[in-house]
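# Structure assessment
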Amino acid sequence: MKLLLLFFLFSTIIFAQDSNNDWKTYYEKSGFKETPHYAETIEYCKRLADASPMITYTTFGVSPQGRDLPLLIIDKNGNSTAEQVRRTNNVVFLIQAGIHSGEIDGKDAGFMLIRDMIIEGKNKDLLDHVTILFMPIFSVDGHERFGAYNRINQNGPEEMGWRVTAQNYNLNRDYLKADAPEMQSWLKLYNTWLPEFFADCHVTDGADYQYAVTYSIEFKHAHHKMVGDWVKNGYLDSVMPAMEKSGFPMIKYVWFKKVHDPKSGIGLGIAGPRYSNGYTILHNRPGLLIETHMFKDYKTRVDGTYQLLKHSLQILNRDYLKLRDAIAQADAKTRKDEFRKKTYPLKYKQMEDSVLIDFLGYEYTIEKSDLSGGDWQRFSKDSVTMKIPLFNNYQPDITAQLPEAYIVPVEWTKVIDRIKLHGIRFETLNEEHKIKVSSFKFSNEKWSERPYENHHTLTFDVEKIEEERLYPKGSIVIPMNQRTAKVIAHILEPKGPDSFLFWGFFDSVFEQKEYAESYVMEEYARIMLANDENLKNKFEQKLKEDKVFAADPSKILKWFYRQSPYWDKRINKYPVGKIFDKEVLKRIVN
């Protein structure tokens, strides 16, 4: 009996040791078909951190439903803060998974990559000069809206999360406006660490083709030349052949000129700052968009993401000094006066010239549907290499002349609070100042009929103006000789594609708040006509030219009200001012 008891205890200990040494992920144990829920994901994070001093588990915020936003910090020397890492020569690589939690490939690929390096000791040297920040789930509440029917276009996993947050925000439209609490936490993390390289893991929609992995990373237009050159010559020229050798030939993110029609050619455009990879550009730091293909099985997609993350890590570890130097040069250039002497492109337009490329697709037909009456693209599994056009040339479409500084009145608290999230340096007025500024007056304003990301977005015509304004104590002055100058421009230049004006942060300036009664204006208009011959001529001309106006008593009386000294002189005027005079800037902030 004693021998049997000893054998039982020994077997139990051995079994427990084997169980503790089993580092397979939930995804691997499922036969590569499932992804873990939030609780199981956090459990694996903590288990990794407990197993090695090179891994730190922490959180960087809390979701609206009360879930922690998880983060793993992987550093060969055990450094776990931005301050500690910045004392070394390491570059920081932020890997983000689950911003769209139905597209969760990056979570399972990231866990295997970290496990293989730290627990299994494979390629641990890739951490010699790189510190990894791994965000296994960004949209944690969306992740727990788990189900088998969340992504009709996607082949696995068996169940997955939802595309948006519990508040119905698409986080990959929120980087600049920062409505979602999750995004506000992300921005604090990003601007604390300022990662030199960023990867955002997604699964694409669209047409069918052979590629399991597609990508987007800007190098030609929106970056300063030194960073763009590194992306092209240092990163892409290395990662493309490496991925092909690993069995995953890649092509630029597939966005066809004509929906679902490969022969129409690829023309993605340059990501705006509402998107992850468009936002990091503004900080002079490369952002990689990873888009695995929806129809490929889950294992293939996770393997492709794993390989791209691993090869990216190899290049960063090799080129860490070159990348750091390129970013430092770009940051310095952004601060200099020369950067503001040229107009800054806020938005690019795609040109019609193209180059022919080989595209690994499938044979397909376009038929007229007898159900919907529309075009029905029907893809076969017959592989074909097509010659299709790639539209990859862009020219500035909307530009702005950047000032020495912007000034935002103290009362615009929501705008100021959002500005703080972006790591932007500013001064606060210690007393009120009357200064001459350049600004804008708007007309023909129109809001979208339906909400988009909880906003009714705005289109408008704009007129440049110059005038003296009184800015109260507490107003903020944002000098442009700083690293974040491009972020500032996109927030405050009205015509920026994601400006705070576009998103409706300044909607109240368009509202008329005082009114004139008709019987008052009937009398006052006659006084105005009697005392102002020019006004009388202008009114008579208006009657002749505008028959709709001439037939509408309310329009006529409002026209006189607008010409009167009682009209609100601030309506339709942008409260943000631009300061171009350095002496004015010195006077008000010193």
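What comes next is a walk through the structure.

Here is what the cut-offs are and how they apply
- Residues numbered from 1 in each chain as written.
- Predicted model: local features only at pLDDT ≥ 70, side-chain atom pairs only at ≥ 80, totals over all residues.
- Heavy atoms only, no water.
- Helix = DSSP H or I, 4+ residues; strand = E, 2+ residues; numbered from the N terminus.
- Contact = heavy atoms within 4.5 Å.
- Areas by Shrake-Rupley, 256 points an atom, 1.4 Å probe, with all protein chains shown as cover.
- Lys, Arg positive; Asp, Glu negative; His and termini not counted.
- Charge placed at Lys NZ, Arg CZ, Asp CG, Glu CD.
- 1 Å grid on protein atoms, 1.4 Å probe; cavity = no way out; pocket = protein on both sides within 12 Å on 5 of 7 lines; lining within 4 Å.
- Points joined across faces, edges and corners; volume = space filled by probe spheres on them.
- Nonpolar A, V, L, I, M, F, W, Y, C, P; charged D, E, K, R; others polar.
- Buried < 20%, exposed > 50% of the residue type's maximum accessible area, 1.4 Å probe, protein only.
- Right-handed = clockwise from strand over helix to strand, strands pointing away.
- Pairing = 2+ DSSP bridges.
- Phe/Tyr/Trp six-rings, centres within 6.5 Å; stacked < 30°, edge-to-face > 60°.
- Lys NZ or Arg CZ within 6 Å of the ring centre and 35° of its normal.
- Salt bridge = Lys/Arg side-chain N within 4 Å of Asp/Glu carboxyl O.
- Axes fitted to C-alpha atoms, helices over the stretch in contact; angles between N-to-C directions.
- Parallel < 35°, antiparallel > 145°, perpendicular 65-115°, else oblique.
- Left-handed = near helix turned anticlockwise from the far one by under 90°.
- Disulfide = S-S within 2.5 Å.
- Expected span 1.5 Å × (residues − 1).

A few words now on the overall build of the chain. When you go through the chain residue by residue, the secondary structure sums to 18 helices and 18 strands. Based on the C-alpha atoms only, the size of the chain along its principal axes is roughly 115 × 65 × 50 Å. A separation threshold of at least 6 residues defines the contact pool for the chain, and within that pool the share at least 24 residues apart is 79%. Within the structure as shown, the chain displays about 27900 Å² of accessible surface, and the carbon and sulfur contribution to it stands at 50%. Averaging the positions of the 81 positive and the 81 negative side-chain charges in the chain gives two centres separated by 3 Å.

Moving on, we come to the layout of surface pockets. In this structure, the second largest pocket encloses a volume near 410 Å³. Along its surface, the second largest pocket is lined by 15 residues, and P409, E411, R469, R570 and P575 are the ones closest to its centre. Here the residues of the lining of the second largest pocket sort into eight nonpolar, no polar and seven charged.

Counted residue by residue, strand β3 (residues 91–96) has six buried out of six residues, so it is predominantly covered. Burial of the side chains of β3 extends over both faces: V91, F93 and I95 are buried on one face and V92, L94 and Q96 on the other. With respect to chirality, the unit in which β3 leads through helix α5 (residues 105–119) into the neighbouring parallel strand β4 (residues 130–135) is right-handed. Bridge analysis of β3 against strand β5 (residues 197–204) gives four bridges, and the strand direction is parallel. Of the residues in β5, the one forming a bridge with L94 is F198.

With that out of the way, let us pick up the packing of aromatic side chains. The final tally for this structure, using the stated rule, is 40 aromatic pairs. Between W412 and F506, the aromatic rings sit 4.9 Å apart at their centres with planes inclined by 50 degrees, giving tilted as the arrangement. Taken together, the residues span a long stretch of sequence, with W412 in the loop between β13 (405–408) and α12 (413–421) and F506 in the loop between α13 (485–492) and α14 (518–531) at a distance of 94 residues. Overall, the relative accessible area of 16% leaves W412 in the buried class. For the ring pair F549 and W559, a centre distance of 6.4 Å and an interplane angle of 70 degrees mean the geometry is edge-to-face. Of the two residues, F549 is situated in helix α16 (residues 547–550) and W559 in helix α17 (residues 553–563); the sequence distance between them amounts to ten residues. Per residue, the accessibility class of F549 equals that of W559, and both read buried. Here the aromatic cluster, defined as three or more aromatic residues joined through ring pairs, consists of W412, F440, F442, W447, F460, F506, F510 and Y574. The ring of W376 carries the charged tip of R378 above its face, separated from the ring centre by 4.1 Å. Sitting over the ring of Y362, K381 keeps its end group 4.7 Å from the ring centre.

This paragraph deals with the pattern of salt bridges. Enumeration over the complete set of coordinates arrives at 38 salt bridges. D337 serves as the salt-bridge partner of R340, at 2.5 Å between the closest nitrogen and oxygen. Placement of both R340 and D337 in helix α11 (residues 337–341) is noted, with a separation of three residues, approximately one turn of the helix. The exposure class assigned to R340 is buried, which follows from its relative accessible area of 5%. What makes D337 partly exposed here is its relative accessible area of 30%. For the salt bridge of K420 with D417, the shortest nitrogen-to-oxygen distance reads 3.9 Å. Taken together, the positions of K420 and D417, both in helix α12 and three residues apart, correspond to about one turn of that helix. Taking the relative accessible area as the measure of exposure, K420 reaches 47% and is therefore partly exposed. One connected set of salt bridges, linked through shared partners, spans E103, R151, R163 and D205.

As a packed pair, α14 and α17 sit with axes 9 Å apart at the nearest point and diverge in direction by 60 degrees. With respect to α17, the axis of α14 lies oblique. Relative to α17, the crossing made by α14 is left-handed. Of the residues in α17, those touching α14 at S518, M521, E522, A525, M528 and L529 are L557, F560, Y561 and Q563. For the contact of α14 with α17, the residue count by class is seven nonpolar, two polar and one charged.

All right, on to the state of the cysteines then. Counted under the stated rule, the structure contains zero disulfides. Sulfur of C45: no disulfide; nearest cysteine sulfur belongs to C201 and is 14 Å away.

Here we take up helix α7 (residues 181–193). Counted at 1.5 Å a residue, the expected span for α7 with its 13 residues is 18 Å, and the 19 Å between its end C-alpha atoms agrees. Of all the residues in α7, the buried ones are E182, M183, S185, W186, L187, L189, Y190, N191 and W193. Directly beyond the C-terminal end of α7, a positive phi value near 45 degrees is found at L194.

This brings us to the sheet that holds β3. In space, the eight strands of this open sheet follow the order β1-β2-β4-β3-β5-β8-β6-β7, with mixed pairing throughout. At either margin of the open sheet sits one strand with a lone partner, and together these are β1 (55–62) and β7 (250–252). Geometrically, the sheet is characterised by an average inter-axis angle of 25 degrees between neighbouring strands, direction not taken into account. Judged from the six bridges that link them, β3 and β4 form a sheet pairing that is parallel. Note that in β4 the partner of V91 across the bridge is V130.

In short, geometric facts, not functional conclusions.
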